[in-house]
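Each chain, written out:
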Amino acid sequence: WTAVKVLCVDAGGVVLALASGILFGGVWQGAVVSAFGATVGSSVAFALAKLDTPVRKKALEVVEEYPSLRGIEKVVAKDGLKAILTLRLAPVLPIPIGLYNYVYGVTNVPYPQFAGGIFLGSLK
């Protein structure tokens, strides 16, 4: 999951999510393990965007390129968990879903709200 999330391989995430029920002994167990793995991978991407790295610089460029992403800062700062969960369930931003974690990393969303939104949204 970590490589899939950090490298933004969205199709890989779909395959892992679908296979998790078979790999981990059932739909419920697979869903929880899959959501946990997705949260860990997303957290690595989030952390890379928080730190002063080339990844952060690129994420900031993406935010500047798309005006709709600039509004995300205000929304996630105010209602982080709810906003991230909503965007996880209905990805409407003009970027691949794999980049969302990096965008969240350059915002002021607290990590617990980020992780909670990603985990709950990954249970879908």
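Quantities reported herein were computed from a predicted structural model and do not represent experimental measurements.

Colleague: What exactly am I supposed to notice about the packing of aromatic side chains here?
Modeller: Given two aromatic rings, one states the distance between the centres and the angle between the planes to describe the pair. Taken as a whole, this structure holds five aromatic pairs when the rule is applied. Taking 5.9 Å as the distance between ring centres and 50° as the angle between the ring planes, the aromatic pair formed by F46 and Y111 counts as tilted. Of the two residues, F46 is situated in helix α3 (residues 27-50) and Y111 in helix α7 (residues 111-122); the sequence distance between them amounts to 65 residues. On the basis of relative accessible area, F46 is assigned to the buried category, the value being 4%. Aromatic ring contacts, followed pair by pair, group F46, Y100, Y104, Y111 and F114 into a single cluster.

Colleague: Sorry, what's going on with the pattern of salt bridges here?
Modeller: Opposite charge on two side chains lets them pair, provided their charged atoms get close. The tally for this structure, following the rule as stated, stands at three salt bridges. The residue K57 makes a salt bridge to D52 at a minimum N-O spacing of 3.4 Å. With a closest N to O distance of 3.8 Å, E64 and R70 form a salt bridge. What makes E64 exposed here is its relative accessible area of 52%.

Colleague: I would appreciate a short explanation of the packing of α3 against α7 in the present structure.
Modeller: To characterise two packed helices, one gives the angle between the axes of the helices and the distance between these axes. Close contact between α3 and α7 brings their axes to 8 Å; oriented N to C, the two are set at 140°. Note on packing geometry: the crossing formed by α3 with α7 is right-handed. Of the residues in α7, those in contact with V32, A35, F36, A38, T39, S42, S43 and F46 of α3 are Y111, F114, A115, I118, F119 and S122. For the contact of α3 with α7, the residue count by class is ten nonpolar, four polar and no charged.

Colleague: How should the confidence of the model for the chain be read in this particular structure?
Modeller: Do not read the predicted coordinates in detail wherever pLDDT is low. Model confidence for the chain is summarised by a mean pLDDT of 83, while 90% of its residues fall at 70 or above. Mean pLDDT per element in the chain: helix α1 (residues 2-6) is the minimum at 67, and α7 is the maximum at 93.

Colleague: What's the story with α7 in this structure? I'm lost.
Modeller: Side chains of residues three or four places apart in an α-helix project in the same direction, reflecting 3.6 residues per turn. With twelve residues, α7 should reach 16 Å at 1.5 Å per residue; the first-to-last C-alpha distance of 16 Å fits that figure. Regarding α7, the residues found buried are F114, A115, G116, G117, I118, G121 and S122. Looking at the buried side of α7, the elements it contacts are α3, α5 (67-89) and α6 (100-105).

Colleague: Got a minute to help me understand the nonpolar core in this structure?
Modeller: Across soluble globular proteins, nonpolar side chains have a tendency to be buried as a group. By size, the foremost hydrophobic cluster in this structure holds 22 residues, and its most contacted members are L69, I72 and Y104. Those elements that provide at least two residues to this core are α3, α4 (54-65), α5, α6 and α7. Excluding anything up to four places from it in sequence, I72 contacts L87, L93, V103, Y104 and T107.

Colleague: I'm lost on the environment of I118 in this one. Help?
Modeller: Checked against the element boundaries, I118 lands in helix α7. Residues I118 and A90 lie 28 residues apart in sequence; the distance between their C-alpha atoms is 12 Å. Contacts of I118, omitting those with residues within four sequence positions, involve A38, T39, S42, I84, R88, N101 and Y104.

About the cut-offs
Residues numbered from 1 in each chain as written. Predicted model: local features only at pLDDT ≥ 70, side-chain atom pairs only at ≥ 80, totals over all residues. Heavy atoms only, no water. Phe/Tyr/Trp six-rings, centres within 6.5 Å; stacked < 30°, edge-to-face > 60°. Helix = DSSP H or I, 4+ residues; strand = E, 2+ residues; numbered from the N terminus. Buried < 20%, exposed > 50% of the residue type's maximum accessible area, 1.4 Å probe, protein only. Salt bridge = Lys/Arg side-chain N within 4 Å of Asp/Glu carboxyl O. Axes fitted to C-alpha atoms, helices over the stretch in contact; angles between N-to-C directions. Left-handed = near helix turned anticlockwise from the far one by under 90°. Contact = heavy atoms within 4.5 Å. Nonpolar A, V, L, I, M, F, W, Y, C, P; charged D, E, K, R; others polar. pLDDT = per-residue confidence, 0-100. Expected span 1.5 Å × (residues − 1). Core = buried A, V, L, I, M, F, W, Y, C linked by side-chain atoms within 4.5 Å.

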